[in-house]
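Commentary on secondary and tertiary structure
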Protein chains: 2
Amino acid sequence: MGVTKRHIHSMRANQIADVAKILSNPARVAIIEYIGDCDGCLCQDISDKIRLSQPTTSQHLQVIKRTGVLKSQFKGKAQYYSIDARKWGQLQTLFNDFFELTKSKMADK
Amino acid sequence: MGVTKRHIHSMRANQIADVAKILSNPARVAIIEYIGDCDGCLCQDISDKIRLSQPTTSQHLQVIKRTGVLKSQFKGKAQYYSIDARKWGQLQTLFNDFFELTKSKMADK
DNA sequence: TTATTTTAATGTAATATTGCGATATTACAT
DNA sequence: ATGTAATATCGCAATATTACATTAAAATAA
């Protein structure tokens, strides 16, 4: 078939999967790492840095953007990307809670 | 093209992507949640619980197993799955470090 | 042995993802 | 208006993923 049956799972499971999907490609991980390094950076810079073409880089940026974790600020024709700290913290909490909950279940046994 | 260019990224970026890939499907998140609930459970039980066919469930279990986070113990014909607490802790650390590092970079700005 | 139960493997179909070239769009400068 | 630079979008080819039916294998029970 090939299509994920989202509707049969809990909202929480889908939520975690959605966030994990952002990080499930090394290019996107590298992009996030790089954006952290520079104080607002351009698509072209990111593209050069991670050594993927501009269209590919732009596409990955859109994927990350969809989750609301990316902010972008226009300065003329250029667009400076940065990470939304508040949203980033939320994702961290979501993940960490999942890891902790699973761990605490194990401790009971 | 369609194939991820792993080789152009850092080992760390690939590592994070590999772990995230496990959690990037809600069925696998649900499986991990359920395995936490029961003290060792069968493939068939998991399949019933998450409402996916036995082959599909088995396949997802293999994907999770590849990362070493799943333990399985045979008792006769049945195979009881459980989560390796030590490995689970390692994955949590990997993720949390990544989130923290990215966050700390933001704080500098 | 044979039957049953449980899990894994195989084959197949549908869909999603990845990456790029070509092109479009956007914003500014001249 | 025209040129230039930075991004985004489109369309494609290659590959990966998802899900299931069927079949095989392994272990036990009868």
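Chain A goes by HTH arsR-type domain-containing protein in an unreviewed UniProt entry, where it is assigned to Dokdonia donghaensis DSW-1.

1. A look at the relation of the copies chain A and chain B
Least-squares fitting of chain A to chain B yields an RMSD of 0.1 Å, with the superposition described by an axial translation of 0.0 Å and a rotation of 180 degrees. Within this description, the copies of the chain are treated as partners about a two-fold rotation axis. Residue Ala20(A), judged by its C-alpha, is the member of chain A lying nearest the rotation axis, at 2.5 Å. When you check the interface residues of chain A against chain B, 97% turn up at the interface there too, and the contact is symmetric in its surfaces.

2. A closer look at the interface of chain A and chain B
With 38 residues of chain A at the interface, the matching set in chain B holds 38 residues. Among the elements that make up the side of chain A that touches chain B, the one with the highest residue count is helix α5 (residues 85-108) of chain A (eleven residues). Partitioned by chemical class, the residues of the side of chain A that touches chain B number 17 nonpolar, eleven polar and ten charged.

3. Concerning the packing of helix α2 (residues 26-37) of chain B against helix α4 (residues 54-66) of chain B
All names here are of chain B. Packing of α2 against α4 brings their axes to within 10 Å, and their N-to-C directions diverge by 80 degrees. When the axes of α2 and α4 are compared, the pair comes out roughly perpendicular. Facing α2, whose interface residues are Ala27, Arg28, Ile31 and Ile32, α4 presents His60, Leu61, Val63 and Ile64. Classifying every residue of the contact of α2 with α4 gives six nonpolar, one polar and one charged.

4. Digging into the nonpolar core
Counting residues in each nonpolar core, the largest one holds 46 residues, and the members touching the most others are Ile16(A), Ile31(A), Ile16(B) and Ile31(B). Elements with a contribution of two residues or more to this core: α1 (11-23), α2 (26-37), α3 (43-50) and α5 of chain A together with α1 (11-23), α2, α3 (43-50) and α5 (85-108) of chain B. Contact partners of Ile16(B), with chain neighbours within four places excluded, come to Leu23(A), Val29(A), Leu94(B) and Phe98(B).

5. Describing the confidence of the model for chain A
Averaged over all residues, the pLDDT of chain A equals 86, while 91% of them reach at least 70. For this predicted complex, the interface confidence score (ipTM) comes to 0.85, while the overall pTM stands at 0.89.

6. Describing unusual backbone geometry
Despite not being glycine, Arg51(A) shows a phi value in the positive range, around 60 degrees. Judged by the 12 C-beta atoms lying within 10 Å of it, Arg51(A) is exposed.

7. Here we look at α4(B)
All names here are of chain B. Helix length check: α4, at 13 residues, gives a terminal C-alpha distance of 18 Å against a target of 18 Å (1.5 Å per residue), a fit within 8%. Buried residues of α4: Thr57, His60 and Leu61, and no others. Taken end-on, α4 shows its buried residues confined to a sector of 105 degrees, consistent with a single buried face. Opposite the buried face of α4, by more than 90 degrees, sit the exposed residues Pro55, Gln59, Gln62 and Arg66. Taken from the residues just after α4, glycine 68 is the one with a positive phi, measuring 85 degrees.

Thresholds applied
Residues numbered from 1 in each chain as written. Chains lettered and ligands numbered in written order. Predicted model: local features only at pLDDT ≥ 70, side-chain atom pairs only at ≥ 80, totals over all residues. Least-squares fit on C-alpha atoms with pLDDT ≥ 70 in both. Contact = placed C-beta atoms within 7 Å. Helix = DSSP H or I, 4+ residues; strand = E, 2+ residues; numbered from the N terminus. Nonpolar A, V, L, I, M, F, W, Y, C, P; charged D, E, K, R; others polar. Axes fitted to C-alpha atoms, helices over the stretch in contact; angles between N-to-C directions. Parallel < 35°, antiparallel > 145°, perpendicular 65-115°, else oblique. Core = buried A, V, L, I, M, F, W, Y, C linked by C-beta atoms within 7 Å. Buried ≥ 20, exposed ≤ 12 C-beta atoms within 10 Å, placed from the backbone. pLDDT = per-residue confidence, 0-100. Expected span 1.5 Å × (residues − 1). Arc of directions from axis to C-beta.

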